[in-house]
Amino acid sequence: MATPALKAKELGNKAYKAKQFDVAIKHYDEAIALDPTDITFYNNKGAVNFEKGDYEAVIEVCLKAVDVGKENGSDYKHIAKALARVGKSYMKNDDLDKSMYYYDKAIIEHRDPTVLNERSEVLKLVKEKEKLSYIDPEKSQAEKAKGNEQFKQGKYAEAIEFYNEAIKRNPADHVPYSNRAACFTKLMEFGLAMADCDKCITLSPMFVKGYLRKAAVLKIEKPQEAKAVYEKALELDPTNAEAKQGIHHCSQSLRNLKPEDRAKLAMNDPEIQQILQDPSMQVILEQMQKDPAAAQEHLKNAAVRDKFMKLVESGVVQVR
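Residues numbered from 1 in each chain as written. Predicted model: local features only at pLDDT ≥ 70, side-chain atom pairs only at ≥ 80, totals over all residues. Heavy atoms only, no water.

**Digging into the overall build of the chain**
Threshold: Strands here are runs of E lasting at least two residues and helices are runs of H or I lasting at least four, both read from the DSSP assignment and numbered beginning at the N terminus. Note on method: radius of gyration uses C-alpha positions; expected globular size equals 2.2 Å times residues raised to 0.38. When a residue's accessible area, from a 1.4 Å probe over protein chains only, is under 20% of the maximum for its type it is buried; when over 50% it is exposed; and in between it is partly exposed.
When its secondary structure is counted, the chain shows 19 helices and zero strands. The C-alpha atoms of the chain give a radius of gyration of 33 Å, which is well past the 20 Å a tight globule of 320 residues would have. Based on the C-alpha atoms only, the size of the chain along its principal axes is roughly 100 × 55 × 30 Å. The proportion of buried residues among the 320 residues of the chain is 41%.

**Topic: the pattern of salt bridges**
Our working definition: Here, a salt bridge means any side-chain nitrogen of Lys or Arg that lies within 4 Å of a carboxyl oxygen of Asp or Glu.
In the structure shown here, the tally under the stated rule is 14 salt bridges. As a salt-bridge pair, Glu118 and Lys88 come within 3.6 Å of each other at their nearest N and O atoms. Of the two residues, Glu118 sits in helix α7 (residues 113-134) while Lys88 sits in helix α5 (residues 76-92), which places them 30 residues apart along the sequence. Given a relative accessible area of 22%, Glu118 falls into the partly exposed group. Look at Lys88 and you get partly exposed, because its relative accessible area is 28%.

**Concerning the side chain of Asn13**
Our working definition: It only takes one pair of heavy atoms within 4.5 Å for two residues to be counted as in contact.
Tracing the sequence through the fold places Asn13 in helix α1 (residues 4-17). Using a relative accessible area of 18% as the deciding quantity, one classes Asn13 as buried. Residues in contact with Asn13, not counting those within four places in the same chain, are Tyr28 and Asn44.

**Regarding helix α13 (residues 223-236)**
What counts here: Expected span, for any helix, means 1.5 Å times one less than how many residues it has.
With 14 residues, α13 extends 20 Å from end C-alpha to end C-alpha; this agrees with the ideal 20 Å at 1.5 Å per step. All of the buried residues along α13 are Pro223, Gln224, Glu225, Ala226, Lys227, Val229, Tyr230 and Ala233.

**Thoughts on α5**
Convention followed: For the purposes of these results, a polar contact is taken to be a pair of N or O atoms within 3.5 Å, where, inside protein, one atom must be able to donate a hydrogen and its partner to accept one; residues adjacent in sequence count only when each atom of the pair is a side-chain atom.
In this model α5 runs 24 Å from its N-terminal to its C-terminal C-alpha over 17 residues, within 8% of the 24 Å that 1.5 Å per residue would give. Three or more residues of α5 are buried, namely Ile79, Ala80, Ala82, Leu83, Ala84, Arg85, Val86, Gly87, Ser89 and Tyr90. For α5, the N-terminal cap is Asp75; the gap from its side-chain oxygen to the backbone nitrogen of Lys77 is 2.8 Å.

**Concerning the packing of helix α10 (residues 175-186) against helix α11 (residues 190-203)**
Convention followed: For every element, the axis is a line fit to its C-alpha atoms; helices are fit only across the contacting stretch, and the angle between N-to-C directions ranges from 0 to 180 degrees. Should an angle lie under 35 degrees it is considered roughly parallel, over 145 roughly antiparallel, and from 65 to 115 roughly perpendicular; all remaining angles are considered oblique. Working rule for handedness: look at the near helix, and if it is turned counterclockwise from the far one by less than a right angle, call the crossing left-handed; if clockwise, right-handed. When residues are grouped by polarity, Ala, Val, Leu, Ile, Met, Phe, Trp, Tyr, Cys and Pro land in nonpolar, Asp, Glu, Lys and Arg in charged, and all others, Gly among them, in polar.
Relative to each other, α10 and α11 sit at 165°, their axes nearing to 8 Å. With respect to each other, α10 and α11 are oriented roughly antiparallel. Between α10 and α11 lies a crossing whose hand is left-handed. Together, Tyr177, Ser178, Arg180, Ala181, Phe184 and Thr185 of α10 and Phe190, Leu192, Ala193, Asp196, Cys197, Lys199, Cys200 and Leu203 of α11 make up the contact between the two elements. For the contact of α10 with α11, a count of residues per class yields nine nonpolar, two polar and three charged.

**Observations concerning the environment of Met281**
Along the chain, the position of Met281 falls in helix α17 (residues 279-290). C-alpha separation for the pair Met281 and Lys124, spaced 157 residues apart in sequence, amounts to 49 Å. Those residues in contact with Met281, other than ones at most four positions away along the chain, are Ile275, Val304, Lys307 and Phe308.

**Remarks on the packing of aromatic side chains**
Here is the rule we go by: Pairing of aromatic rings covers Phe, Tyr and Trp, the last through its six-membered ring, and needs centres within 6.5 Å; plane angles under 30 degrees mean stacked, over 60 mean edge-to-face, and all others mean tilted. For a lysine, the NZ atom is tested; for an arginine, the CZ atom; a charge sits over a ring if that atom is within 6 Å of the ring centre and within 35 degrees of the ring normal.
Under the defined criterion, the tally for this structure stands at five aromatic pairs. Measuring from centroid to centroid gives 5.3 Å for Phe50 and Tyr55, while their planes differ by 65°, and the two rings are edge-to-face. A relative accessible area of 19% places Tyr55 in the buried class. Look at Tyr101 and Tyr102: their rings are 4.9 Å apart centre to centre, the planes differ by 85°, and that puts the pair in the edge-to-face class. Using a relative accessible area of 15% as the deciding quantity, one classes Tyr102 as buried. Here the aromatic cluster, defined as three or more aromatic residues joined through ring pairs, consists of Tyr90, Tyr101 and Tyr102. Cation over ring: Arg169 sits above Tyr134, and NZ or CZ is 3.6 Å from the ring centre.

**Looking at the state of the cysteines**
Counted only if it meets this: Disulfides are defined as pairs of cysteine sulfur atoms found within 2.5 Å of each other.
Going through the model one piece at a time under the given rule, you end up with zero disulfides. Free of any disulfide, Cys197 has its nearest cysteine sulfur in Cys200, 7.0 Å distant. Residue class for Cys200 comes out buried when judged on its relative accessible area of 0%.

**Thoughts on the nonpolar core**
For clarity, the threshold we go by: The set of buried Ala, Val, Leu, Ile, Met, Phe, Trp, Tyr and Cys residues whose side-chain atoms join them within 4.5 Å is what this entry labels a nonpolar core.
Core analysis: the biggest nonpolar cluster contains 31 residues, and Tyr42, Cys62, Leu83, Val86, Val115 and Val122 have the highest contact counts within it. Going through the elements one at a time, α1, α2 (21-34), α3 (39-52), α4 (55-71), α5, α6 (96-109) and α7 are the ones with two or more residues in this core. Contacts of Tyr42, omitting those with residues within four sequence positions, involve Ile32, Pro36, Val61, Lys64, Ala65 and Val68. Judged by nonpolar contacts, the second largest core, of 22 residues, contains Leu212, Val229, Tyr230 and Ala243.

Take it as geometry only, folks, not as evidence of what the structure does.
Laid out in structure tokens, this is it:
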């Protein structure tokens, strides 16, 4: 038969489910008054206060629950639940150090998978907070300047260290990524250079140097893709001499290739792939192959003509 304390607890549970939080707290307080040795009464009251958003009250009642639980030999899972709820409340109050402290204490009592996941989320917040607190654009500029000096002296590995620090101090600044990419290119770390170029372009799509440095990496093995990137740079800066020279260099490299090698290389170009996968272009190319008159008619369409010439220049389509 249920004791008066357990009956009060059940009334509290019923009110809690009905979201009658103040009523629930009244019943849990009654249960505690009738039996102050049962940790579950405190834990349930803590859950209600958490739903109300009264995190200070949660911390107070759940710490009391821990004391009661330890004094009366309660199941370690109940103690862990109270400690985890304290940790969660401190997280809600943006006190992440205390949150981690109590989550760790909860895990010592019982390694509950849910609590482990919650602790991981708090750890992410801690790291993000540390990262944000480290941001200092002025110091970033100073580190970038030191990197530039090292780069001028040909000390590329040393320059990278300064650019790393500049990025940590201001990860939203696109220039250190571009500068670090130049260092990686000099050290023939082309994969790392490409990643930095892409990050630079993402942060600042109008920054011409980001495209130039990306094209400089690509032209070593992928002149077709490099040419397209140089063309993008030229769109942004029509007078850019490096972009013009790069386009000329890539075009020359492509012309020097055997037709079959040029076509094979072009097949890795996303733009070429898109053209060839276009159903309407597939039909047009088939018609043009069978009927020269149809070819002339299709080429009157500017969009079709541009795509067709792209295929011709790449070597994918041979014109006799």
